[in-house]
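For reference, the chains in residue letters:
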Amino acid sequence: MRETPPSSAEKAFVLNTIRSGLRVDLRGAYDLRKLSISLGPALGHADVRLGTTRVIAHVHAEVVRPQDSDPNEGFLRFTTECSPMASPRFESGSLSDEEVLISRLLERTFRRSRAIDTENLCIVSGEKVWAISVDVRLIDLDGNAVDAACIAAAAALLHFRRPDVTVVGDEVKVHSLDERNPVPLSVHHVPICVTFAILDEGQLMVLDPTSLEEDCRCGDVTFSMNAHREVCAVAKSGGAALPIDALLRCAKVATWRSLEIHEALQKSLKDSLLKRWEDVKLNCAWSFRRPIAPSIGNLNLNHSVEEHEETDRPYKSNVSINPNIMQYILHLQSYDH
Amino acid sequence: MDTDTTSFRPRPVIPGDTVPIPIATPNPSAESSAPPPVRIGPGLHRRPDGSVVVVKAGVLCCNEAKDGARWWVESNFKRYVPVQGDPVVGQITYKSADFFRVEIGAAHQAQLSALAFEGATKRNRPPLEVGSLVYARVSVAHRDMEPELECVDQTTGRAEGFGELKGGFMIKCSLGMARNLLLPKFPLLPTLGTRFPFETAVGVNGRVWISAATEPRIAAVARCVVLADRRPWGQVKGVVEGVVGSVEGV
């Protein structure tokens, strides 16, 4: 189904409001909508909301044979899916332009800037490597799917832990999450996309456009920046002419906004891992049948690491537990698997 | 289940629930002794055997009027289903010699005759273009036909407020919000009206057209409607205060 383009009154209003220094949703030109990042409970699962735009990213890993040309390189793949549930402009089964744009930009942002160390994914040279797949799913669309998808992919990759492997001679053993702590990916840097819509023939620029603003734009610019203030990728589409100083101003704004997003990302990552750690401690307190090793990997918190070594040992079975807490633990466990 | 209108309290229902409303079959011979008639409204369906079944999820409501009890389901959806007599805001998507095609957010586009305007004749056609907004009333809503609109009251020949909406801005909201905005006791528009003058056209298809003297005022009203959507009535005033306080030059 094709969406009806906005009416002439709406288009005129959007341009006039931005000209007067305001936006339809009362933001400033370079303000971001409310960003919320929720991670877990599964490792490598991120749910990102930017205003009402919502994207879910999920990471999974499998062992595959490497390419003959790069026997030591693992794989990092991105797949995007825009369902008609997100917006009626998407049709199920057919690949939309938006979908292609998002996955290409993600590949450029993460793979070409070498954000993830793919050599570290090698298990046996020329024989076995890890293939990391990132599934990005657009759940609800109100503009700026690219930024939301990028944040979701970055969050999922940072949250992900792959199972540990040991190689003895020719034999490769993949340890389950209960057996050994899973290993985080080795991440060189985290690129974050920041998109600007160009309106009114290059006269006006707005950050994080909504669907309505996207319908009025004549082009857009996306900057991918990392926390070291390095530009990892730039994409400009739509063909609108833009003066150099406008582009430089955008780059500057993108630097600050990406740092803010980066901070939010680190905060939710820390919260999620701490929450997971609490769950694990509860699990251990209750483990009569088998010791459950913490499955949170290398958490950079000294006090936690000490405790975690204690709980690696099997627990005594004569622990008395309040039935209410028991209920809660059972609930947590069902949540965890 | 209690269906006595005097002691009835609104309660949530889901599609498939049966409501044991006693509906008397019309019997002209015993006029005086027959119970008063019962009217059933949106969300309720009367089966051929006389029982009443719920077809929409929502809150079952009842109102005891002089001419009998009224039953309906208060619900909130985003998809509009045209009903005859509804005021709607639509957008022209196609223009031909004698009719316009209007997008009103329903499953099908509606037809609007070029003659269904105040003072329109074969020669004097309304100056509507593709992309214009109109405020119109649904004149035909039949399940086997395309909906039809009119911008004129057929009995008086007057526009009565319907017609082209010039300038301004249109926002989309839930159907429940649009119906609320039409209620005089809903606090949103009256509270805003004490701050500055503005004009609205509320379509029950979940579209609200807003016009005011300056852009920040229009944006403020639009933002209030968006933020107050699906919130309890008690919070609406707070939302309005917050939005109006945050905008400069209102």
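Residues numbered from 1 in each chain as written. Chains lettered and ligands numbered in written order. Predicted model: local features only at pLDDT ≥ 70, side-chain atom pairs only at ≥ 80, totals over all residues. Heavy atoms only, no water.

As annotated in an unreviewed UniProt entry, chain B carries the name Ribosomal RNA-processing protein 40 and comes from Gonapodya prolifera. Turning to chain B, the UniProt record has this under Subcellular location (unreviewed entry): "Nucleus, Nucleolus". Taken verbatim from the UniProt record of chain B, the Sequence similarities (unreviewed entry) comment is "Belongs to the RRP40 family." (UniProt positions renumbered as here; feature names shortened; annotations may be inferred.)

Under the annotation held in an unreviewed UniProt entry, chain A carries the name Exosome complex component RRP45 and is attributed to Gonapodya prolifera. What the UniProt record of chain A gives under Sequence similarities (unreviewed entry) is the line "Belongs to the RNase PH family."

**So, the UniProt feature "domain: K Homology" (unreviewed entry) in chain B**
Mapped onto this numbering, the UniProt entry annotates "domain: K Homology" (unreviewed entry) at residues 168-215 of chain B. For residues 168-215 of chain B, the helix share is 31%, the strand share is 33%, and the end-to-end C-alpha distance is 9 Å. (Helix = DSSP H or I, 4+ residues; strand = E, 2+ residues; numbered from the N terminus.)

**Regarding the pattern of salt bridges**
All names here are of chain A. Applying the stated criterion across every chain, the model contains 24 salt bridges over all chains. Note that Arg27 and Asp208 form a salt bridge whose closest N and O atoms lie 3.4 Å from each other. Of the two residues, Arg27 is situated in the loop between α1 (8-19) and β1 (35-39) and Asp208 in the loop between β12 (204-207) and α4 (211-216); the sequence distance between them amounts to 181 residues. Side by side, Arg27 and Asp208 carry an identical accessibility label, which is buried. Asp208 is the salt-bridge partner of Arg33, the closest N and O atoms lying 2.9 Å from each other. Remark: Asp208 occurs in the loop between β12 and α4 and Arg33 occurs in the loop between α1 and β1; sequence separation between them is 175 residues. (Salt bridge = Lys/Arg side-chain N within 4 Å of Asp/Glu carboxyl O. Buried < 20%, exposed > 50% of the residue type's maximum accessible area, 1.4 Å probe, protein only.)

**Here we look at the environment of Gly131(B)**
The topology assignment puts Gly131(B) in the loop between β10 (110-113) and β11 (133-140). Sequence separation between Gly131(B) and Asp17(B) is 114 residues, and the spatial gap between their C-alpha atoms is 43 Å. Excluding its chain neighbours within four sequence positions, the residues that come into contact with Gly131(B) are Ser7(A), Ser8(A), Gln91(B) and Ile92(B). (Contact = heavy atoms within 4.5 Å.)

**With respect to the interface of chain A and chain B**
You'll often see interface size given as the accessible area lost when the parts meet. At the junction of the two partners, chain A supplies 17 residues and chain B supplies 18 residues. Of the roughly 1,300 Å² buried between chain A and chain B on both sides combined, carbon and sulfur atoms contribute 69%. Counting the surface chain A buries against chain B, the share from its top three residues, Thr4(A), Phe13(A) and Leu26(A), is 39%. At the boundary of chain A and chain B, one finds zero salt bridges. Across the contact surface, chain A and chain B share two residue pairs in polar contact (both at pLDDT 80 or more). Broken down by element, the side of chain A that touches chain B gets its largest block of residues, six residues, from α1(A). (Buried area = accessible area lost by both parts, 1.4 Å probe. Polar contact = N/O pair within 3.5 Å; in protein donor to acceptor, adjacent residues only side chain to side chain.)

**Re the domain arrangement of chain B**
By the assigned domains, chain B splits into domain 1 (11-74), domain 2 (87-165) and domain 3 (169-245). Taking the mean C-alpha position of each, domain 1 of chain B and domain 3 of chain B sit 33 Å from one another. (Domains from an automatic or database assignment.)

**Observations concerning the packing of α1(A) against helix α3 (residues 215-228) of chain B**
Two elements in contact, α1(A) and α3(B), have axes separated by 10 Å at closest approach and are oriented at 115 degrees. Relative to α3(B), the element α1(A) is oriented roughly perpendicular. Where α1(A) crosses over α3(B), the handedness of that crossing is left-handed. Between α1(A), through Phe13(A), Asn16(A) and Thr17(A), and α3(B), the contact on the second element is made entirely by Glu215(B), Ile218(B) and Ala219(B). Considering only residue class, the contact of α1(A) with α3(B) consists of three nonpolar, two polar and one charged. (Axes fitted to C-alpha atoms, helices over the stretch in contact; angles between N-to-C directions. Parallel < 35°, antiparallel > 145°, perpendicular 65-115°, else oblique. Left-handed = near helix turned anticlockwise from the far one by under 90°. Nonpolar A, V, L, I, M, F, W, Y, C, P; charged D, E, K, R; others polar.)

**Digging into unusual backbone geometry**
A positive phi is found at Glu201(A), a non-glycine position, where the angle reads about 55 degrees. Along the chain, Glu201(A) turns up in the loop between β11 (192-199) and β12. A relative accessible area of 65% places Glu201(A) in the exposed class. Non-glycine residue Glu160(B) carries a positive phi angle of around 55 degrees. By secondary structure assignment, the location of Glu160(B) is in the loop between β12 (148-150) and β13 (163-165).

**With respect to the UniProt feature "domain: Exosome complex exonuclease Rrp40 N-terminal" (unreviewed entry) in chain B**
Following the UniProt record, one finds the feature "domain: Exosome complex exonuclease Rrp40 N-terminal" (unreviewed entry) at residues 38-79 of chain B. Within the segment residues 38-79 of chain B, helix and strand shares are 0% and 55% respectively, and the terminal C-alpha atoms sit 28 Å apart.

**Here's the deal with the sheet that holds strand β14 (residues 169-172) of chain B**
Residues and elements named next belong to chain B. With antiparallel pairing, the three strands of this open sheet are ordered in space as β14-β16-β15. Each edge of the open sheet is held by one strand with a lone partner, namely β14 and β15 (198-203). Put simply, the sheet's adjacent strands are angled 20 degrees from each other on average, direction ignored. Where β14 meets strand β16 (residues 207-212), four bridges bridge the pair, whose relative direction is antiparallel. Bridge pairing in β16 links Phe169 to Ile210. Together, β14, β15 and β16 form the strand contacts of α3, whose direction differs from that of β16 by roughly 155 degrees. (Pairing = 2+ DSSP bridges.)

**Focus: α1(A)**
All names here are of chain A. Look at α1: 17 Å from first C-alpha to last across twelve residues, which is about the 16 Å you get at 1.5 Å a residue. Where α1 is concerned, the buried positions are Ala9, Glu10, Phe13, Val14, Thr17 and Ile18. Along the axis of α1, the buried residues cluster in a sector spanning 155 degrees; they form a single face. Just downstream of α1, Gly21 is the residue with a positive phi angle, here 85 degrees. (Expected span 1.5 Å × (residues − 1). Arc of directions from axis to C-beta.)

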